[in-house]
Each structure stands twice: as C-alpha cells, then as structure tokens.
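Examination of the molecular architecture
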Amino acid sequence: GAGVSQTPSNKVTEKGKYVELRCDPISGHTALYWYRQSLGQGPEFLIYFQGTGAADDSGLPNDRFFAVRPEGSVSTLKIQRTERGDSAMYLCASSSYAPDSTQYFGPGTRLTVL
Amino acid sequence: AQRVTQPEKLLSVFKGAPVELKCNYSYSGSPELFWYVQYSRQRLQLLLRHISRESIKGFTADLNKGETSFHLKKPFAQEEDSAMYYCALRGGADGLTFGKGTHLIIQP
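Just so we're clear, the structure is a prediction, and the values are computed from it rather than from any experiment. (Residues numbered from 1 in each chain as written. Chains lettered and ligands numbered in written order. Predicted model: local features only at pLDDT ≥ 70, side-chain atom pairs only at ≥ 80, totals over all residues. Heavy atoms only, no water.)

Digging into the interface of chain A and chain B
On the chain B side, the residues contacting the 20 residues of chain A number 15 residues. Of the roughly 1,500 Å² buried between chain A and chain B, counting both surfaces, carbon and sulfur atoms make up 48%. Taken together, the links from chain A to chain B amount to 0 salt bridges. Counting across the interface, chain A meets chain B through 6 residue pairs in polar contact (both at pLDDT 80 or more). Contributions of two or more residues to the side of chain A that touches chain B are made by β4 (31-37) and β5 (44-50) of chain A. Ranked by residues supplied to the side of chain A that touches chain B, first place goes to β4(A) with 3 residues. Of the residues that constitute the side of chain A that touches chain B, the class distribution is 9 nonpolar, 9 polar and 2 charged. (Contact = heavy atoms within 4.5 Å. Buried area = accessible area lost by both parts, 1.4 Å probe. Salt bridge = Lys/Arg side-chain N within 4 Å of Asp/Glu carboxyl O. Polar contact = N/O pair within 3.5 Å; in protein donor to acceptor, adjacent residues only side chain to side chain. Helix = DSSP H or I, 4+ residues; strand = E, 2+ residues; numbered from the N terminus. Nonpolar A, V, L, I, M, F, W, Y, C, P; charged D, E, K, R; others polar.)

Re the nonpolar core
Core analysis: the biggest nonpolar cluster contains 24 residues, and W35(B), L72(B) and Y85(B) have the highest contact counts within it. Of all elements in the fold, only β2 (10-14), β3 (19-21), β5 (32-38), β6 (45-49), β9 (83-90) and β11 (102-107) of chain B reach the threshold of two or more residues within this core. Among the elements that line this core, the one with the most residues is β9(B), at 4 residues. Ranked by size, the runner-up nonpolar core spans 20 residues in total, among them V19(A), L60(A), Y90(A) and C92(A). (Core = buried A, V, L, I, M, F, W, Y, C linked by side-chain atoms within 4.5 Å. Buried < 20%, exposed > 50% of the residue type's maximum accessible area, 1.4 Å probe, protein only.)

Side note on the pattern of salt bridges
Across all of its chains, the model carries 10 salt bridges over all chains by this definition. Linked through salt bridges whose partners overlap, the residues forming this network are R64(A), E83(A) and D86(A).

Thoughts on the layout of surface pockets
Estimates place the volume of the largest pocket at around 560 Å³. Taken together, 26 residues form the lining of the largest pocket, with Q37(A), R110(A), Q38(B), M84(B) and Y86(B) sitting closest to its centre. Counting residues per element, the ones that place at least two in the lining of the largest pocket are β9 (88-95) of chain A together with β9 and β11 of chain B. Of the residues assigned to the lining of the largest pocket, the class counts are 10 nonpolar, 11 polar and 5 charged. Reported here for the second largest pocket is a volume of approximately 320 Å³. Lining the second largest pocket are 21 residues, and of these P43(A), E44(A), F45(A), L96(B) and T97(B) lie nearest its centre. At the level of secondary structure, the elements contributing two or more residues to the lining of the second largest pocket comprise β4 and β5 of chain A together with β10 (97-98) of chain B. (1 Å grid on protein atoms, 1.4 Å probe; cavity = no way out; pocket = protein on both sides within 12 Å on 5 of 7 lines; lining within 4 Å. Points joined across faces, edges and corners; volume = space filled by probe spheres on them.)

Quick notes on the side chain of H50(B)
Residue position: H50(B) is located in the loop between β6 and β7 (60-61). Those residues in contact with H50(B) that sit more than four places away from it in its chain are P31(B), E32(B), L33(B), L63(B) and F70(B).

This is the structure we're talking about:
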C-alpha cells in the first residue's frame, strides 16, 4: 500500500512569510508525528497526534509553530513569520495505535527560508 | 532529559570487514531503543529494535543497560550497507529522540 506522503517536497519562502506543510499518513494509522531535521543533525521531535488531538506538543520550539489534524488523518504543520533558522527538512511519520508499533516516515519537505 | 549519543560522524570500513556503530543513551527509566537507516535518496526506515531481538540484513544490536549502550554490529560489511544510521530512543512519550547519525561508507 501507499506509504506516508508529504507535500510539497521543497518549499522556498522569504523571511516573515507563512508556510503550511502537509502530511498524509498511512491509511488507518491513528498516530502521527512531526520531526525537524537540520543539516548534520538527527530528526528532532516536534509534536505527536493520537487521532485528532495533539497528545504531546512539547517539541514545538515556539508559538510560531502550530499543527492540526482535524479529521484524524491528514495533518498540516503551520509556521508563522518564518525565520532563516526554520530552514530544515520537516519529516512526518505515522504508526498504528499499538504501543510498540513502528513509526513509518515520509520523504520529508525541505523548507528554505531566504 | 533523554539523550542519544553517536560518537562517530563518519565510519569507513572495507567490504568484508566487521562493522560496529556506537550508540550510548541517557534515560532514567526503561527505554526502547531503535536503529533507523537512510539509504541514498530514500526515506528513513526502521532497521531493528531491541525488543524484537532480530537480526536484520545481518545486523544485530544488544541493549546493555549497565553501559547504557545499544551498539549496532555486523560481522561482514557489504557495499549495500553504505548509508546514514541513526540510533533512537523512546522513553515515556511516544516521540523518538535521535542521535546525530553515523555515515557508514563501505569501500570495495
């Protein structure tokens, strides 16, 4: 079946602009995660959804970052007033509800803030 | 706070030689440890996890709680093993904490 998909694959924006990054999880997966990966670093956890609700948003760096998952499937990561330091690869992962389930990653969206 | 340390940014070995990628962790409770791999131009994928105690593609990893380590090993490296390898930990929350990764290069 289809894996996790993310759109766009690349996004270039100017400092101060607003961006939205989309994640389509594997069908039937109730858990969804967002990570950010800067150059030379491992992925860094941002937020975790179980169904429609954010179960853990402790990784969001500040209030410019927000994510939604209104119908418990597709999720959108929203970044307001982008800064150059937001430039990174944004990864999405999904898993089934089982406590020991594997997280399956999408290909990522590379965000560049000029 | 939980932390994962991969001390080697780059590891280069010859084909057929043994490989060991080091991973140390810091966590006060009982963690779950994983190894993820990213081949060139592919997405991040799970290689193995300590609770399943499997050998995947010839790789094994043993959780050593005394040394807080989860090193990844393979007795005979193959060229197709060249990739980025990330060690990851899941503590109480469901989000994973990753190390910075080790770039493994297998020379012919």
